[in-house]
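What the coordinates show
If you want the building blocks of each chain, they are given just below.
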Amino acid sequence: MSGETTLTIIGNLTADPSIRFMNDTGDAVVNFTVASTPRVFDSKTKAWKDGTALFMRCTQWREAGQHVADSLAKGDRVVVVGKLQQREYTDREGVKRQIVELVAEEVGTSLKYAVAKPVRSKNRNSGGRPNPKAGNDSGASDDPWGAPSTDEVA
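Quick caveat: nothing in here was measured; it's all calculated off a predicted structure.

Turning next to the overall build of the protein chain. Secondary structure assignment for the protein chain yields one helix and eight strands. Secondary structure elements of the protein chain occur, N-terminal to C-terminal, as β-β-β-β-β-β-α-β-β. Carbon and sulfur atoms make up 50% of the accessible area of the protein chain, which amounts to about 11500 Å² in all.

Below, the structure written as structure tokens:
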């Protein structure tokens, strides 16, 4: 969509991701907050210190949201790319409120201070619902990376 504000934020999760499922569709939605704190050099003290932290509320939907909930925890350093969105809602007391959040398209572990070992999802491309083909022991696979190579040179 044209005119959307795309944002990349790097920081640490302030709490474990919170997952819930939509009543009408069953789709997963996960919410999490990233704290991004810049380091600034103080020329007077000749030392680095923390700047003002930015706390960004993030949302990830469907299968990717389930992956976030299953993979990440409080304190993990992440890279989040998505669309900045402002929306209004009415809270439980009937007060209208506004929120600015990052609707994540991609969420990944930062490898600056950590090592990650990716594991492919068995229900890939299923929109967050179980894939009936997953677990099929017939030898057939829809995974293009799992297929044997026909380019091998003898």
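Most often, soluble globular proteins have nonpolar side chains that are buried together. Among the nonpolar cores identified, the biggest contains 13 residues, and F32, V34, C58 and V80 are the most heavily contacted of them. Elements supplying a minimum of two residues to this core: β1 (5–13), β3 (28–36), β6 (54–61), β7 (77–90) and β8 (96–109). Of all the elements, β3 adds the most residues to this core, at three residues. Contact partners of F32, with chain neighbours within four places excluded, come to L13, P17, M56, R57, C58, Q60, V68, V80 and V107.

Now for the pairing of strand β4 (residues 39–42). For a regular strand, side-chain orientation follows a simple rule: the groups alternate between the two sheet faces. Sheet topology places β4 next to strand β5 (residues 47–50); four bridges connect them, and they run antiparallel. In the strand pairing of β5, F41 is matched with W48. In textbook terms, the turn of a hairpin is the stretch between consecutive antiparallel strands, and for β4 and β5 this stretch comprises four residues, one of which, K46, has a positive phi near 55°.

Now for the environment of G65. Among the structural elements, G65 can be located in helix α1 (residues 62–71). With a relative accessible area of 0%, G65 lands in the buried category. Taking C-alpha positions, G65 is 8.3 Å from N31, a pair spaced 34 residues apart along the chain. Apart from the residues within four sequence positions on either side, G65 is in contact with I19, V30 and Q60.

Here we come to the pairing of β6. Judged from the eight bridges that link them, β3 and β6 form a sheet pairing that is antiparallel. Bridge assignment links V30 to a residue of β6, and that residue is Q60.

Along α1, the residues that are buried comprise E63, G65, Q66 and V68. Where the residues of α1 are buried, they touch β2 (18–21), β3, β6 and β8.

Taken as a whole and assessed by the stated rule, the structure comprises seven salt bridges. For the salt bridge of K83 with E4, the shortest nitrogen-to-oxygen distance reads 3.9 Å. Of this pair, K83 sits in strand β7 while E4 sits in the segment before β1; the two residues are 79 residues apart in sequence, bridging distant segments of the chain. With a shortest N-O distance of 3.8 Å, K83 and E105 are connected by a salt bridge.

Let us look at the environment of K74. The residue K74 is located in the loop between α1 and β7 in this model. Each C-alpha atom of the pair K74 and D16 lies 4.6 Å from the other, and the pair is 58 residues apart in sequence. Excluding residues that lie within four positions of it along the chain, K74 makes contacts with L13, T14, A15 and D16.

Basis of the calculations
Residues numbered from 1 in each chain as written. Predicted model: local features only at pLDDT ≥ 70, side-chain atom pairs only at ≥ 80, totals over all residues. Heavy atoms only, no water. Helix = DSSP H or I, 4+ residues; strand = E, 2+ residues; numbered from the N terminus. Areas by Shrake-Rupley, 256 points an atom, 1.4 Å probe, with all protein chains shown as cover. Core = buried A, V, L, I, M, F, W, Y, C linked by side-chain atoms within 4.5 Å. Buried < 20%, exposed > 50% of the residue type's maximum accessible area, 1.4 Å probe, protein only. Contact = heavy atoms within 4.5 Å. Pairing = 2+ DSSP bridges. Salt bridge = Lys/Arg side-chain N within 4 Å of Asp/Glu carboxyl O.

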